[in-house]
Amino acid sequence: MIASFIEKPADLPLPPIPDTTVNLYRPKNPFPAKVLRKHRITESASPNHCWHVVLSLEGSKMVGKYRIGQSVGVVPEGRFNDAEFNYVHTALTDKIRLYSIASACWGDDWKGETISLCVKREITEDQSTGELVLGAASNFICDARPGDEMLITGPVGKSFLLPDDPLNYNYVFAATGTGIAPYLGMIIELFNQGFEREVWLVFGVPYSTDIMYDGEFRYFANRHPNFHYVTAISREQYNPRGGKMYVQDRLEEHQNALIPLLEKQDTLFYMCGLKGMEYGIYPWLYRIGSNLVNLPDGMTVEDIQQLPRDASEWTKIERSRDRRRFFKETY
Ligand SMILES: Cc1cc2nc3c(=O)[nH]c(=O)nc-3n(C[C@H](O)[C@H](O)[C@H](O)COP(=O)(O)OP(=O)(O)OC[C@H]3O[C@@H](n4cnc5c(N)ncnc54)[C@H](O)[C@@H]3O)c2cc1C
């Protein structure tokens, strides 16, 4: 069953998209948001434990004020300076971790009184001792139970938003892992406003058990032929060269449709997710001669195809993108 948060019930009015506001709550005055509900969004067989967590903003200045593409900070109270988490910080600001907002600006109740996060538990081993180390904030959020309170700050961010006149653009959204979070809210906002132009979502995950919000995206794709939903499953699928299937390989596969679309000045490109996805996507954009990227001084398209991940030139490449049409949030 598809939840009512993705398509507005007919009897409710559609509230306006708010202006951009930042830092209504700062680390010195965080808001205690109550956990309303949560559910696991990667399958139980997946080695990646990701949760969709819905928080109440009731009584806060953030009601109806956040925009999709922004993030909120979470203070993982009690998880720091704790031997179990093996991660000692001193300043409160160091303790805050950012999480992309996954809900449309109207929240789940179409009044903006809730906010949702999409969080992956960070779990590693300490290289020197072999001990299990749990990421402080991600496990704090995923462990939270309905009724618990969580201190949040924000909203933050002005650079990964949809434009103020979102229906006048085409979009190509590229995501890896929890980088899918903002696109859920973006797709909900676009189609609930009557979006009629083209939107592509290319979503990369390691295993098919990791595809988050698949039901929600399929729901929109089945109803809107202008929504092209494509997944790249790197450890189960292969690209035509026999390598792992990454987001850039799917972009290449669909480039007959994407090249003319991306050439248009009213097409916007968004990239969100794991640090490292840019090393595959930038070379593809240069290969197709996209006007979203410019060649940094002294570099050729061939140089960029062979650039190692640790090369300092990536900073120049990053700066050479068309920032009015190419938005990036990787972490
Ligand atoms: C703008 C932005 C948006 C983001 N959005 C999202 C989102 O939507 N969803 C999401 O899940 N994340 C998101 N993140 C990432 C998030 O902010 C956190 O960085 C992430 O959840 C890890 O935080 P943590 O507190 O759980 O881990 P930390 O405690 O900060 O630890 C980080 C990593 O180090 C490991 N570690 C810690 N101590 C040790 C040790 N002694 N030895 C070895 N390893 C150790 C941990 O296991 C973990 O893997 C976003 C980041 C940014 C900047």
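Residues numbered from 1 in each chain as written. Predicted model: local features only at pLDDT ≥ 70, side-chain atom pairs only at ≥ 80, totals over all residues.

Draft legend 1. Examining the site of the ligand more closely. In the region of the ligand, 25 residues are neighbours, and Glu 122, Gly 135, Ala 137, Ser 138 and Tyr 331 sit closest. In the shell around the ligand, the residues fall into 12 nonpolar, eight polar and five charged. Each of domain 1 (31-156) and domain 2 (166-330) contributes no fewer than three residues to the shell around the ligand. (Near = placed C-beta within 6 Å. Nonpolar A, V, L, I, M, F, W, Y, C, P; charged D, E, K, R; others polar. Domains from an automatic or database assignment.)

Draft legend 2. Main features of helix 3 (residues 181-192). Here helix 3 is 12 residues long and its end C-alpha atoms lie 17 Å apart, about the 16 Å a rise of 1.5 Å per residue gives. Among the 12 residues in helix 3, 11 count as buried, and that is most of the element. Within helix 3, burial applies to Ala 181, Pro 182, Tyr 183, Leu 184, Gly 185, Met 186, Ile 187, Ile 188, Glu 189, Leu 190 and Phe 191. Against the buried residues of helix 3 lie strand 4 (97-100), strand 5 (114-120), strand 9 (170-176), strand 10 (199-205), helix 4 (214-223) and strand 12 (267-273). Positive phi shows up at Gly 194, right after helix 3, with a value of about 90°. (Helix = DSSP H or I, 4+ residues; strand = E, 2+ residues; numbered from the N terminus. Expected span 1.5 Å × (residues − 1). Buried ≥ 20, exposed ≤ 12 C-beta atoms within 10 Å, placed from the backbone. Contact = placed C-beta atoms within 7 Å.)

Draft legend 3. Layout of the sheet that holds strand 4. What the six strands build is an open sheet, ordered 4-3-8-1-2-5; its pairing is antiparallel. The strands lining the two open edges of the sheet, one partner per strand, are strand 4 and strand 5. Averaged over all neighbouring strand pairs, the angle between strand axes comes to 45°, with direction disregarded. Here helix 2 (residues 136-143) sits on the sheet and contacts strand 2 (50-56), strand 3 (71-75), strand 4, strand 5 and strand 8 (149-156); the angle it forms with strand 5, its principal contact strand, is near 120°. (Pairing = 2+ DSSP bridges. Axes fitted to C-alpha atoms, helices over the stretch in contact; angles between N-to-C directions.)

Draft legend 4. Region of the structure containing the sheet that holds strand 13 (residues 326-330). Pairing within the open sheet is parallel, and its five strands lie in the order 11-10-9-12-13. Strands at the two margins of the open sheet, each flanked by one partner only, are strand 11 (227-233) and strand 13. The mean angle between the axes of side-by-side strands here comes to 10°, regardless of whether they run parallel or antiparallel. Bridge count for strand 9 against strand 10 is six bridges, and the pairing is parallel. Looking at strand 10, one finds that Ala 175 is bridged to Phe 203.

Draft legend 5. Examining the pairing of strand 11 more closely. By the bridge criterion, seven bridges tie strand 10 to strand 11 in an arrangement that is parallel. Directly across from Val 202, in strand 11, lies its bridge partner Val 230. The β-α-β motif built from strand 10, the intervening helix 4 and the parallel element strand 11 has right-handed crossover chirality. (Right-handed = clockwise from strand over helix to strand, strands pointing away.)

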